[in-house]
Amino acid sequence: APATGAGGTAEGGHAGPAGSADLGSAAHAEPASESAGPVPVGLGPGRCADPGSPGDPAQPASASGPAAPATAALGPGRGAGLAGPTPSAPATPALGPEAYRLTVDRNGVELVGGGPAGAFWGLQTLRQMLGAAAFRKAPLDRARRWAVPAGTVTDGPRFPWRGLMLDVARHFMPKDDVLRQLDLMAAHKLNVLHLHLTDDQGWRIEIKRHPRLTEVGGWRARSKWGHRASPLWDETPHGGYYTQDDIREIVGYAADRHISVVPEIDVPGHSQAAIAAYPELGNTDVIDTTALSVWDTWGVNPNVLAPTDTVLRFYEGVFEEVLDLFPAEVSPFVHIGGDECPKDQWKASPTAQARIEELGVGDEDGLQAWFVRHFDRWLAARGRRLIGWDEILEGGLAEGGLTDGAAVSSWRGYAGGITAAEAGHDVVMCPEQQVYLDHRQAPGEDEPMPIGYVRTLDDVYRFEPVPPGLAPDAAAHVLGTQANVWTEVMADRARVDYQTYPRLAAFAEVAWSRLPAPEERDQAGFERRMTAHYARLDALGVAYRPPAGPHP
Ligand code: TNX
């Protein structure tokens, strides 16, 4: 199905005569010319790979278009990958690097990708067409006959950035859980994993030159609000981190699935774990930073980095290792956070005030802008692109202070994204009002402890990444969209699954398909596809929120 994985017939108008609910949502699906019944797979010259191996992309040899690198969609150029299928030749439109054409007739199955990624996404569709059993990991009966509905699907994504952000800082997610989420992302045709690797409550990536970041910063005394049934304070210590080998494994596993991994090192706020490890990073003239430990509660933390050269050099060292671990082909983007940096300590700090004077940046907001600009230029000089939360637009940076390649994750609604896009910067729309999956999915008192407000499955399905009224020039800067899973209240895999699914399926359809305006979306069709999709999630062993509500 769909494009997304919510799978189904639908918008594309194609349904195999077999009545599969699973071909749809393809942008250009067309009915098969012959009205054949289900076609056994493997009879004809089909070139599909084993449908049970999501990690086994269709051979590039089957691609008709030029081979593209795994992450072509997010290539280093500005707006690279925004070009979808070329509109010039409507009869046989060229397939973009992520597009594919899947033809099933009585002779077999043919899958053609515009590039390797397109072939891989086509394979995900084929797997959906095979039925829920194709999502099981268990060995299947060899005698089983597999059938897929006949027809042709020509399909490609609306956006080159179809992301999921996992906050592995608030609660550490073991490497295998991340690999599993990558498999789930691939099945939903999502192609960017944004890893929120550092925060006040934990530092999760090994940095060889600063080992205390993980030795000290990777652990905290308590796990607060971890479990639905736990009291507010759970006294279990919590921690963990990825070694550099773990990171390389995650990045490679993602690349095999045509997924880019964007690392986030959050500065200058959300940094207490780093300060607990290296007290000289904090505002030592305001507080005794040696007394700080890794934060064990949630919220916006006053203990931010000091605006000093020591701090800049320290983080340049961090980013040097990060750039090695996440090469440009994996992600041209490096996320520097930039969100929620309270300025009280800088106001009170003689050092910070002297810095404001010396730099002539006016005030504390100007100081944060100076900090962001430093890393923007530092990254650009290394051929990389900065991306940050929409606070990076503050302190004058919205007015031309960022390099052209810098991009914005718009989380406080659309406003920051609109400002950035109108100024010619690429934008990832992830407004908390729509796509924060830590928010509760129903109002009931039996929902697990949430953050924020109610965002139902249908709310997510009605999300529109491009705000209406945005001029076409600016709209072209909307690289895509991303769902954010902040894990303050998710201590384990089951809770992450529960909050993330099924809403991520709705999100994936929004990110991939060219859906009509929210009020015109086919709600009934979506629900039909979801019915088929729950069976797939069951086969995948995903502990999603059941449609009937939480388990008692
Ligand atoms: C705001 S979104 C944050 C996170 C929290 C989240 C909870 C953003 C850039 N900052 O630190 O986890 O709200 O929903």
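Residues numbered from 1 in each chain as written. Predicted model: local features only at pLDDT ≥ 70, side-chain atom pairs only at ≥ 80, totals over all residues.

Student: What exactly am I supposed to notice about the site of the ligand here?
Tutor: Around the ligand, the neighbouring residues are Asp339, Glu340, Trp389, Trp411, Tyr436, Asp438, Ile451, Gly452, Trp486 and Glu488. Residues belonging to the shell around the ligand are distributed by class as follows: five nonpolar, one polar and four charged. (Near = placed C-beta within 6 Å. Nonpolar A, V, L, I, M, F, W, Y, C, P; charged D, E, K, R; others polar.)

Student: I'm lost on the pairing of strand 7 (residues 192-196) in this one. Help?
Tutor: Each regular strand shows side chains that alternate between the opposite faces of the sheet. Most of strand 7 sits inside the fold, with five of its five residues counted as buried. In terms of strand pairing, strand 6 (residues 161-167) meets strand 7 through five bridges, oriented parallel. Along strand 7, the bridge assignment pairs Asp167 with His196. Summarising the sheet, strand 7 and strand 14 (residues 260-267) pair through five bridges and their orientation is parallel. Paired with His196 across the two strands is Glu264, which belongs to strand 14. (Buried ≥ 20, exposed ≤ 12 C-beta atoms within 10 Å, placed from the backbone. Helix = DSSP H or I, 4+ residues; strand = E, 2+ residues; numbered from the N terminus. Pairing = 2+ DSSP bridges.)

Student: In this structure, what is going on with the confidence of the model for the protein? I would like to understand it.
Tutor: Any residue range with low pLDDT should be treated as having predicted coordinates unsuitable for detailed reading. Per-residue pLDDT for the protein averages 84, and the proportion of residues at 70 or more is 81%. Low pLDDT, under 50, characterises residues 1-91; the stretch is placed with 291 contacts to residues that sit more than four places away or in other chains. Reported for the predicted complex are a pTM of 0.86 and an ipTM of 0.97. (pLDDT = per-residue confidence, 0-100. Contact = placed C-beta atoms within 7 Å.)

Student: Could you clarify how one ought to interpret the pairing of strand 17 (residues 407-410) in this entry?
Tutor: Alternating residues of strand 17 divide into Ala407 and Ser409 and Val408 and Ser410, and every residue in both groups is buried. In this sheet, strand 17 lies alongside strand 16 (residues 385-389) in parallel orientation, the contact comprising three bridges. Looking at strand 17, one finds that Trp389 is bridged to Ser409. Of the pairings in the sheet, the one linking strand 17 to strand 18 (residues 426-429) comprises four bridges and is parallel in character. If you follow Ser410 over to strand 18, its bridge partner there is Met429. With respect to chirality, the unit in which strand 17 leads through helix 10 (residues 415-422) into the neighbouring parallel strand 18 is right-handed. (Right-handed = clockwise from strand over helix to strand, strands pointing away.)

Student: Explain the environment of Gln124 to me, please; I cannot follow it from the model alone.
Tutor: Structurally, the position occupied by Gln124 is in helix 1 (residues 116-130). Separated by 129 residues in sequence, Gln124 and Tyr253 have C-alpha atoms that sit 16 Å apart.

Student: Any chance you could explain the environment of Pro116 here in plain terms?
Tutor: Residue position: Pro116 is located in helix 1. The exposure class assigned to Pro116 is buried, which follows from the 24 C-beta atoms found within 10 Å.

Student: Would you mind showing me how to read the nonpolar core here?
Tutor: The tendency in soluble globular proteins is for nonpolar side chains to be buried as a group. Among the nonpolar cores identified, the biggest contains 123 residues, and Leu164, Leu166, Leu193, Val261, Val427 and Phe507 are the most heavily contacted of them. With eight residues, the top contributor of residues to this core is helix 15 (residues 503-512). What Leu193 contacts, discounting residues up to four positions off in sequence, is Leu164, Leu166, Leu182, Met185, Ala254, Ile259 and Val261. In terms of nonpolar packing, the next biggest core, distinct from the first, is built from 18 residues, Leu102, Trp121, Leu126 and Ala150 among them. (Core = buried A, V, L, I, M, F, W, Y, C linked by C-beta atoms within 7 Å.)

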